[in-house]
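What the coordinates show
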Amino acid sequence: MPHRSGLSYVGPIEPVRSTRLMNWRYEQVIRADGPAGYWRLGERAGTSAIDLVAANTGTYAGTYTLGAPGGVNDGDGAFAISTAAYGKMTAAAIATGASVWSIEAWINPAALPNNNDSPAVINGTSAVGYGFAVNNGGGTAGSKLAILRAGIAWFDTGYTFPAANAWYHVVVTRDGTTAIGYVNAVAAPNTTIAAFNAPATSTLVGTYDVTARFNGTVDELAIYAHALSPAQILNH
């Protein structure tokens, strides 16, 4: 699915310049909405994952592929991991607190059902914080969007991913009362007013331990200390 950035250009534009312009414009759309942490996950070599807004550089570890085709069709790469090996990106936690926040990423599950737990992105750890995964809504293998209330429980959003090897733009927000998931800018059926633990220790992509790991590709992780509006989510 191509990105829905509200910024546009009128061509024709030479192909390399066009890709660079799209790359820059998507980044600017995200930056304009004030993320507290933003990792494009587009590195093509090395072990560093650059945070573009907070200098919170992450580290790639384990077995992974950098520079995989990304989710926003802008020529920037993505971070790919598989069920056959343990790979992750780890940075410091973003101190949003437990009440009001958003977390977003583009994800491409390589298989459905995905693995047990299958955390795609987390602000925190398995014990504190929040994130989302592809599982059965309760932590075992499945094809649903599940919100992680780390250290408490999984929450089943009621959304089922229809196909593997496809890109989905996923956002989870909490506005102080209600947590809700969005896929491709459409709200999932189920919401929760249950409490969350405040994030601490780490920001994670792909796993929270060696046995709970996402099978697929992740791109454009952003974390906010506010709840994105539906209009902002559509614009991403």
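Residues numbered from 1 in each chain as written. Predicted model: local features only at pLDDT ≥ 70, side-chain atom pairs only at ≥ 80, totals over all residues. Heavy atoms only, no water.

Turning our attention to the overall build of the protein chain. Helix and strand counts for the protein chain stand at 2 helices and 16 strands. In the protein chain, which comprises 236 residues, the share counted as buried stands at 52%. Taking as baseline every contact in the protein chain between residues at least 6 positions apart, the subset at least 24 positions apart corresponds to 65%. Surface summary for the protein chain: the accessible area is close to 9000 Å², and the carbon and sulfur share equals 56%. (Helix = DSSP H or I, 4+ residues; strand = E, 2+ residues; numbered from the N terminus. Buried < 20%, exposed > 50% of the residue type's maximum accessible area, 1.4 Å probe, protein only. Contact = heavy atoms within 4.5 Å. Areas by Shrake-Rupley, 256 points an atom, 1.4 Å probe, with all protein chains shown as cover.)

On to the pairing of strand E14 (residues 186-192), then. Pairing of strand E13 (residues 179-183) with E14 involves 4 bridges; the strand directions are antiparallel. Opposite Tyr182, over in E14, you have Ala187 as the bridge partner. (Pairing = 2+ DSSP bridges.)

Here the focus is the sheet that holds strand E2 (residues 48-49). Read from one edge of the open sheet, 8 strands run E2-E3-E6-E15-E8-E9-E10-E11, paired in antiparallel fashion. The open sheet is flanked by E2 and strand E11 (153-160), the only strands paired with a single partner. Where strand E3 (residues 58-62) lies against strand E6 (residues 87-91), 4 bridges are found, and the strand directions are antiparallel. What sits directly across from Gly62, in E6, is Gly87.

If a strand is regular, its side chains alternate between the two faces of the sheet. Most of strand E10 (residues 144-149) is tucked away, with 5 of its 6 residues classed as buried. In terms of strand pairing, strand E9 (residues 129-135) meets E10 through 6 bridges, oriented antiparallel. Looking at E10, one finds that Ala133 is bridged to Ala146. Strand direction decides the pairing type here: E10 and E11, joined by 5 bridges, are antiparallel. The partner of Ile147 across the bridge, within E11, is Phe155. Connecting E10 to the antiparallel partner E11 that follows it, the hairpin turn spans 3 residues, and Gly151 within it adopts a positive phi of roughly 80 degrees.

Two measures describe an aromatic ring pair: the distance that separates the ring centres and the angle between the ring planes. The tally for this structure, following the rule as stated, stands at 7 aromatic pairs. Between the aromatic rings of Tyr64 and Phe79, the centroid separation amounts to 5.6 Å while the plane-to-plane angle is 55 degrees, which identifies the pairing as tilted. Separated by 15 residues along the polypeptide, Tyr64 in the loop between E3 and strand E4 (65-69) and Phe79 in strand E5 (residues 77-81) bring together distant segments of the chain. Judged by relative accessible area, Tyr64 falls into the partly exposed class, the value being 23%. When the centroid spacing of 4.9 Å and the interplanar angle of 70 degrees are considered together, the rings of Phe161 and Tyr168 count as edge-to-face. A relative accessible area of 2% means that Phe161 is categorised as buried. Three or more aromatic residues link up through ring pairs in this structure, and these residues are Tyr60, Tyr64 and Phe79. Across from the ring centre of Phe196, 5.9 Å away, lies the NZ or CZ of Arg149, which sits over that ring. (Phe/Tyr/Trp six-rings, centres within 6.5 Å; stacked < 30°, edge-to-face > 60°. Lys NZ or Arg CZ within 6 Å of the ring centre and 35° of its normal.)

Moving on to the pattern of salt bridges. Scanning the model with the defined rule gives 5 salt bridges in all. For Glu27, the salt bridge identified is with Arg31, shortest N-O distance 2.9 Å. Of the two residues, Glu27 and Arg31 are both situated in helix H1 (residues 15-32); the distance of 4 residues between them amounts to about one turn of the helix. On the basis of relative accessible area, Arg31 is assigned to the partly exposed category, the value being 33%. (Salt bridge = Lys/Arg side-chain N within 4 Å of Asp/Glu carboxyl O.)

This part is about the environment of Ala188. Here Ala188 is to be found in strand E14. With relative accessibility at 7%, the residue Ala188 sits in the buried group. With 43 residues separating them in the primary sequence, Ala188 and Leu145 have C-alpha atoms 8.6 Å apart. Not counting residues up to four positions away in its chain, the partners in contact with Ala188 are Thr157, Tyr159, Gly181 and Tyr182.

So, about the nonpolar core. Ranked by internal contacts, the top residues of the largest apolar core, which has 34 residues, are Trp39, Leu41, Met89, Ile103, Ile107, Phe132 and Leu221. Among the elements that make up this core, the one with the highest residue count is strand E7 (residues 100-109) (4 residues). Setting aside chain neighbours within four positions, we find Ile107 in contact with Ala120, Phe132, Val134, Phe161, Ala166, Trp167, Tyr168, Val170, Phe214, Thr217 and Val218. Among the nonpolar cores identified, the runner-up in size contains 14 residues, and Tyr38, Ala78, Tyr182 and Ile233 belong to it. (Core = buried A, V, L, I, M, F, W, Y, C linked by side-chain atoms within 4.5 Å.)

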